[in-house]
Amino acid sequence: MLDLKICPACGDRAEYPVAEGAVLVCAVCGHRWPFRRLPLFALTGPSGAGKSTVGPRLASRLADEVVLLEQDVLWVGGLRNDVDGHPRFRSVWLRMAAMIHQSGRPVVLCGTVLPAELESRPERVFFSEIHYLALIGDSGALRTRLRARPEWRGWNDESRIDEMLEFNDWIHREGARTTPPMDLFNTTHATLDDSVDHAEAWIRKHL
């Protein structure tokens, strides 16, 4: 599927794509072409809140309706070394999701992200809306979960855990006041089925 930043008529690659509803417009040659402008779903939240556990079950339930992707598969090389919200990393994912959307199936992007990190990117124009569901937890529960993770995941550093718990606390306080606001779901006392049910209902509500 063609990268939506590239004009199919003249081949120009737009740094800042222009969309008029569900029509893309080339700023160089004026060519206009339709595209599918679907909603994007971001299943976000701090590490340890349940994204990696909920994701596979959610993907199984919605296999014929959405495409669920783990954003960490592109957390590599120059994209990983980027700073200040990792703009290149976010832009690559938005471009990828927009291309997948041309198949008619919305993407659920699973991984830690804040609205400001996606809403500010030029590729935001490819989506009708971006919906955010943050899985969160109580600090004690998250600390226990992170300490229990395999060593290769790097959570044997208490200072790193403390930073993640600060992020979790921030989402508790501010998540409903971001632009757009994040929906929050506390997984501390929820069963896996409860969490998957909630995420599935949230996606279906916005489809």
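Just above sits the structure.
Cut-offs used in this document
Residues numbered from 1 in each chain as written. Predicted model: local features only at pLDDT ≥ 70, side-chain atom pairs only at ≥ 80, totals over all residues. Heavy atoms only, no water. Axes fitted to C-alpha atoms, helices over the stretch in contact; angles between N-to-C directions. Helix = DSSP H or I, 4+ residues; strand = E, 2+ residues; numbered from the N terminus. Left-handed = near helix turned anticlockwise from the far one by under 90°. Contact = heavy atoms within 4.5 Å. Nonpolar A, V, L, I, M, F, W, Y, C, P; charged D, E, K, R; others polar. Buried < 20%, exposed > 50% of the residue type's maximum accessible area, 1.4 Å probe, protein only. Pairing = 2+ DSSP bridges. Phe/Tyr/Trp six-rings, centres within 6.5 Å; stacked < 30°, edge-to-face > 60°. Arc of directions from axis to C-beta. Core = buried A, V, L, I, M, F, W, Y, C linked by side-chain atoms within 4.5 Å. Salt bridge = Lys/Arg side-chain N within 4 Å of Asp/Glu carboxyl O.

1. With respect to the packing of helix α5 (residues 139-147) against helix α6 (residues 158-174)
To characterise two packed helices, one gives the angle between the axes of the helices and the distance between these axes.
No. 1: The interhelical angle for the contact between α5 and α6, taken along N-to-C directions, is 140 degrees, at an axis separation of 10 Å. Crossing of α5 over α6 shows right-handed handedness. Across the interface between the two elements, S139, L142, R143, L146 and R147 of α5 pack against E158, I161, D162, M164, L165, N168 and D169 of α6.
No. 2: The residue makeup of the contact of α5 with α6, split by class, is five nonpolar, two polar and five charged.

2. Re the environment of L94
No. 1: With respect to the helices and strands, the residue L94 is situated in helix α3 (residues 87-101).
No. 2: On the basis of relative accessibility, which here comes to 0%, the residue L94 falls in the buried class.
No. 3: For L94, the residues in contact, after removing those within four places along its chain, are L40, L118, R121, E123, R124, F127 and I130.

3. Here we look at the sheet that holds strand β5 (residues 67-70)
No. 1: With parallel pairing, the five strands of this open sheet are ordered in space as β5-β6-β4-β7-β8. In the strand order of this sheet, the two ends are held by β5 and β8 (183-186), each with one partner. On average, each strand axis in the sheet is inclined to that of its neighbour by 20 degrees, with strand direction left out of account.
No. 2: Note that strand β4 (residues 40-44) and strand β7 (residues 130-136) share five bridges and pair parallel. Bridging from a neighbouring strand, T44 pairs with A134 of β7.

4. Comments concerning the packing of aromatic side chains
Centre distance and the angle of the planes are the two values used to describe a pair of aromatic rings.
No. 1: Counted according to the given criterion, the structure contains three aromatic pairs.
No. 2: Judged by centre distance (5.6 Å) and plane angle (80 degrees), the ring pair of F41 and W202 falls under edge-to-face. Of this pair, F41 sits in strand β4 while W202 is found in helix α7 (residues 192-206), placing the two residues 161 residues apart along the sequence. W202 shares its class with F41; the two are buried.
No. 3: Measuring from centroid to centroid gives 5.0 Å for W75 and F89, while their planes differ by 75 degrees, and the two rings are edge-to-face.

5. A closer look at helix α1 (residues 51-61)
No. 1: The complete set of buried residues in α1 reads K51, V54, G55 and L58. In a view along the axis of α1, the buried residues occupy a sector of 110 degrees, so they form one face of it. Facing away from the buried side of α1 by over 90 degrees, the exposed positions are P56 and S60.

6. Examining the nonpolar core
Inside soluble globular proteins, nonpolar side chains tend to come together where they are buried.
No. 1: Core analysis: the largest hydrophobic core is formed by 47 residues, its most contacted members being L43, L58, F127 and I203.
No. 2: At the level of elements, β4, α1, α3, β6 (107-110), β7, α5, α6 and α7 are the ones that each hand at least two residues to this core.
No. 3: Among the elements that line this core, the one with the most residues is β7, at six residues.
No. 4: For F127, the contacting residues outside a window of four places in its chain are R37, L38, L40, L94, A97, A98 and H101.

7. Let's talk about the pattern of salt bridges
No. 1: Taken as a whole and assessed by the stated rule, the structure comprises 14 salt bridges.
No. 2: For the salt bridge of E158 with R143, the shortest nitrogen-to-oxygen distance reads 3.0 Å. Of this pair, E158 sits in helix α6 while R143 is found in helix α5, placing the two residues 15 residues apart along the sequence.
No. 3: Take E158: its relative accessible area is 32%, and that puts it in the partly exposed class.
No. 4: Among the residues examined, R143 registers a relative accessible area of 22% and is labelled partly exposed.
No. 5: One connected set of salt bridges, linked through shared partners, spans R61, E65, D197, E200 and R204.

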